[in-house]
Each structure stands twice: as structure tokens, then as C-alpha cells.
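Descriptive analysis of the structure
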Amino acid sequence: MHHSSHLGWRDVDILSPLQAMLTLPLWVMNNVKAAALLGVQRATTAETAADRFYLRVAEGVGGALIQRGEVYTGSSWTAGEVGHLIVQPAGEKCTCGRKGCLETVISIPAVQRQLARHAPGLSWQNRASAPQIVDAVMRQIGELLGNALGQIMLLLNPADIVIDCPWNIHSGFVETVRTSSAVSALTFTSRRTGLHFLREHIDPAQGLALAVIEHYERPMISVASSAQ
Ligand SMILES: [Zn+2]
């Protein structure tokens with residue numbers, strides 16, 4: 001593991017200590033990239049040829065491009081790190097050391113901070129106590145996320161973007177993400193990009209289980225198809 005900004009880890013060897021304890025084949029995968037495989041399967045029809053982007057908002061923000069059914073990692077494993085796209089150049093300092101990353105705006109701790117700034121003690125769990133404040137914050141963060149999605153649409157042109165995010169339950173958030181992403185990308189591109197807002201959070205451990213099964217089955221699939 002080369003870098004985890006929120007754990008503060010740099011170049012930690014996860015595999016060797018596990019290999020010393022277990023005799024099973026082992027494989028290390030990024031949690032968001034593991035969840036991505038399952039997320040796109042749940043939200044879209046199983047057309048593996050289409051490219052899809054999965055975006056996950058939790059304690060941090062991450063993403064992954066699924067290309068022909070496989071996670072695209074990039075040349076140094078950082079493809080899809082959308083949490084560190086800068087959306088507010090003069091914004092809050094991020095765990096990566098820079099300012100105004102998407103993560104500093106829409107992650108769970110970031111939204112908690114924004115709500116508490118407007119009304120001390122307010123959190124997204126007790127949002128019914130100040131619906132107008134919550135609505136304003138949701139629309140504000142929805143606009144910034146929509147801008148980032150517009151850039152993703154233009155850069156990667158995925159058929160679908162699957163958004164796995166606790167704020168999806170808020171209609172103001174969903175509406176603003178839709179309108180602002182449509183404005184940020186070219187009309188031709190945004191009209192041909194499906195936006196899917198998951199209502200249930202994907203468990204990365206289940207995504208990882210799926211990745212392991214697919215990895216195991218792949219050689220058998222290629223043998224079967226070459227025999228046909
Ligand atoms: Zn950052």
C-alpha cells in the first residue's frame with residue numbers, strides 16, 4: 001500500500017505479514033475499487049462492454065472506472081482518485097496536504113463540519129431539526145459534485161456513473177448533482193451519461209469477494225470460449 005491520506009500511511013507492506021500467516025493465495029485491492037465492481041452490477045444492466053464510473057462517498061471519497069468489466073487502475077494505481085480533484089481552490093486543507101479537494105466538501109466528516117458551522121450540534125442524522133440549513137448545504141455540495149462529474153464525463157465518457165453516497169436520500173442533493181453535471185459537461189455527452197444514485201451503501205468486502213470469484217473464473221471462461 002503506497003499511500004493512504006486519511007490513515008497517514010506511506011509504503012506499508014500489507015501482503016508479506018499476511019503471507020507469513022496464511023497459506024492461501026492472497027491479493028490486495030483498494031476498497032473503493034472492490035466496491036466498484038459490485039456497485040455497477042447492482043445499478044446497471046450487465047453489459048460488460050460499456051465503461052462505467054463508480055463514485056463512493058464515505059469517510060473519504062474515491063472512485064473507479066470499470067472498463068469492459070474490469071477495474072482500470074492507471075499506470076501507478078491512482079486512476080479514479082476523484083476525492084482529490086480540486087473543486088474549491090481556496091477551500092479547506094485536505095488530508096493530502098492540498099486545498100479544496102472534493103473530499104473536503106462532500107465526505108461525511110466534511111458535511112458534518114459544514115452543518116455544525118451553520119448550527120452547532122446539528123448533524124445529518126438529526127437533519128429534521130433544521131431542514132432549511134440541511135437543504136442549503138445539500139444543494140451546495142451537490143453543485144460541487146456535479147461540476148466534478150461533468151469533468152469525469154468529458155474525460156472518460158462512461159456510459160453510466162454510479163453514485164454511492166449517504167446524501168442520495170436528499171432530493172435537493174440529487175437534483176443539484178443532475179443539473180450541475182449537465183451544465184458542466186457538453187450537452188451531447190451529459191445526455192448520453194446515465195446517473196444512478198444508489199440507495200444502499202455497497203460493502204467493499206462483498207465487492208472484494210466478487211472480484212476474487214471473477215478472478216478465479218476468468219481462466220476457465222477464456223478456456224471455455226476458446227474451445228467453442
Ligand atoms: Zn486531497
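Residues numbered from 1 in each chain as written. Predicted model: local features only at pLDDT ≥ 70, side-chain atom pairs only at ≥ 80, totals over all residues.

Averaged over all residues, the pLDDT of the protein chain equals 88, while 94% of them reach at least 70. For the protein chain, the element scoring lowest by mean pLDDT is helix α8 (residues 204-227), at 71; helix α6 (residues 171-184) scores highest, at 97. (pLDDT = per-residue confidence, 0-100. Helix = DSSP H or I, 4+ residues; strand = E, 2+ residues; numbered from the N terminus.)

Here we come to the packing of helix α5 (residues 131-156) against α6. Look at α5 against α6: their axes get within 7 Å of each other, and the N-to-C directions meet at 35°. At the point where α5 passes α6, the crossing takes the right-handed sense. Split into classes, the residues belonging to the contact of α5 with α6 amount to seven nonpolar, eleven polar and three charged. (Axes fitted to C-alpha atoms, helices over the stretch in contact; angles between N-to-C directions. Left-handed = near helix turned anticlockwise from the far one by under 90°. Nonpolar A, V, L, I, M, F, W, Y, C, P; charged D, E, K, R; others polar.)

A word on the nonpolar core. Ala36, Tyr54, Leu102, Ile106 and Ile141 are the most contacted members of the largest nonpolar core, which totals 48 residues. With ten residues, the top contributor of residues to this core is α5. Not counting chain neighbours up to four residues away, the residues in contact with Tyr54 comprise Ala35, Ala36, Gly39, Val40, Gly63, Ala64, Ile66, Val162 and Asp164. (Core = buried A, V, L, I, M, F, W, Y, C linked by C-beta atoms within 7 Å. Buried ≥ 20, exposed ≤ 12 C-beta atoms within 10 Å, placed from the backbone. Contact = placed C-beta atoms within 7 Å.)

The first and last C-alpha atoms of α6 sit 20 Å apart over 14 residues, in line with the 20 Å expected at 1.5 Å per residue. Along α6, the residues classified as buried are Phe173, Thr176, Val177, Ser180 and Ser181. With its buried residues spanning 120° around the axis, α6 presents them on a single face. Residues of α6 that are buried sit in contact with α5, α7 (187-191) and β7 (194-197). (Expected span 1.5 Å × (residues − 1). Arc of directions from axis to C-beta.)

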